[in-house]
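Here is what each chain is made of, one letter per residue.
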Amino acid sequence: MAGLRKKQRLALIAASGLCLAAATALFGFAFRDGIAYFRSPAEVYEDAPSPEELFRVGGLVVEGSLERKADSTVIFAVTDGEASVDIRFKGILPDLFAEGQGVIALGRFSGKLFNATEILAKHDETYMPKEVADALKERGLFKPKAQE
């Protein structure tokens with residue numbers, strides 16, 4: 001009788017472990033396309049991503065780099081002070097998008113051009129996305145505005 005209980009406990013522990021492993025695998029599979037890591041422009045060139053990798057890149061929009069095409073495509077450069085990445089986006093830019101301001105783009109990098117599917121811009125004069133601010137702080141370029 002005692003030997004049977006030990007076997008049942010061992011089977012229950014093994015089944016629980018198998019269920020936990022299966023749940024973890026399903027969770028990872030379900031979210032594999034939903035996770036987009038942030039990279040600064042310098043990090044994009046340090047460790048070149050594959051063309052299939054979806055990630056976010058951000059920094060300050062380079063002054064004078066904004067180019068608008070007739071088919072609602074825009075091309076602009078984003079910099080972290082060390083490197084800059086050219087970004088192509090087809091669609092309507094956020095109202096608060098402007099040269100010299102912080103921005104984050106979601107998309108894929110191919111060759112030397114980042115093809116963005118989504119553009120996120122700041123929402124007021126004092127806000128900058130955390131990832132952009134951290135990347136600029138690392139390079140000594142972040143200068144927060146004084147609180148009024």
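Residues numbered from 1 in each chain as written. Predicted model: local features only at pLDDT ≥ 70, side-chain atom pairs only at ≥ 80, totals over all residues. Heavy atoms only, no water.

Caption draft 1: Main features of the pairing of strand β6 (residues 102-110). In terms of burial, β6 is a largely internal element, seven of the nine residues being buried. Relative to β6, strand β2 (residues 55-61) runs antiparallel, the two sharing six bridges. Its bridge partner lying in β6, Gly-58 is registered against Ile-104. Where β6 lies against strand β7 (residues 113-121), eight bridges are found, and the strand directions are antiparallel. Counterpart to Ala-105 in the pairing with β7 is Ile-119. Counted between consecutive antiparallel strands, the loop separating β6 from β7 contains two residues, among which Gly-111 sits at a positive phi close to 70°. (Buried < 20%, exposed > 50% of the residue type's maximum accessible area, 1.4 Å probe, protein only. Helix = DSSP H or I, 4+ residues; strand = E, 2+ residues; numbered from the N terminus. Pairing = 2+ DSSP bridges.)

Caption draft 2: Looking closely at the pattern of salt bridges. Using the criterion set out here, one finds three salt bridges in the structure. Glu-53 is paired through a salt bridge with Arg-39; the nearest N and O atoms lie 2.9 Å apart. One end of the pair, Glu-53, is in the loop between α2 (41-46) and β2; the other, Arg-39, is in strand β1 (residues 37-39), and 14 residues separate them in sequence. Since its relative accessible area comes to 13%, Arg-39 is described here as buried. (Salt bridge = Lys/Arg side-chain N within 4 Å of Asp/Glu carboxyl O.)

Caption draft 3: Geometry of the side chain of Arg-39. A polar atom in the side chain of Arg-39 sits 2.8 Å from the backbone oxygen of Asp-47. For Arg-39, the contacting residues outside a window of four places in its chain are Val-44, Asp-47, Ala-48, Pro-49, Glu-53, Phe-55, Arg-56, Val-57 and Gly-58. (Polar contact = N/O pair within 3.5 Å; in protein donor to acceptor, adjacent residues only side chain to side chain. Contact = heavy atoms within 4.5 Å.)

Caption draft 4: Spotlight on helix α1 (residues 2-30). With 29 residues, α1 should reach 42 Å at 1.5 Å per residue; the first-to-last C-alpha distance of 42 Å fits that figure. With zero of 29 residues buried, α1 lies mostly on the surface of the structure. (Expected span 1.5 Å × (residues − 1).)

Caption draft 5: Here's a closer look at the pairing of strand β5 (residues 84-90). Alternating positions in β5 separate cleanly, Val-85, Ile-87 and Phe-89 being buried on one face and Ser-84, Asp-86, Arg-88 and Lys-90 remaining unburied on the opposite face. Bridging between strand β4 (residues 73-79) and β5 involves seven bridges; their strand directions are antiparallel. Paired with Ala-77 across the two strands is Asp-86, which belongs to β5. Counting the residues in the hairpin turn of β4 and β5 gives four residues, including Gly-81, whose phi is positive at 95°. Strand direction decides the pairing type here: β5 and β7, joined by four bridges, are parallel. Bridge assignment links Asp-86 to a residue of β7, and that residue is Leu-113.

Caption draft 6: Expanded view of the side chain of Thr-79. Structurally, Thr-79 is set in strand β4. In this structure the side chain of Thr-79 is engaged in a polar contact, spanning 2.9 Å, whose partner is the backbone nitrogen of Gly-81. Leave out the neighbours within four places in its chain, and Thr-79 touches Pro-41, Gly-59, Leu-60, Val-62, Ser-84 and Leu-136.

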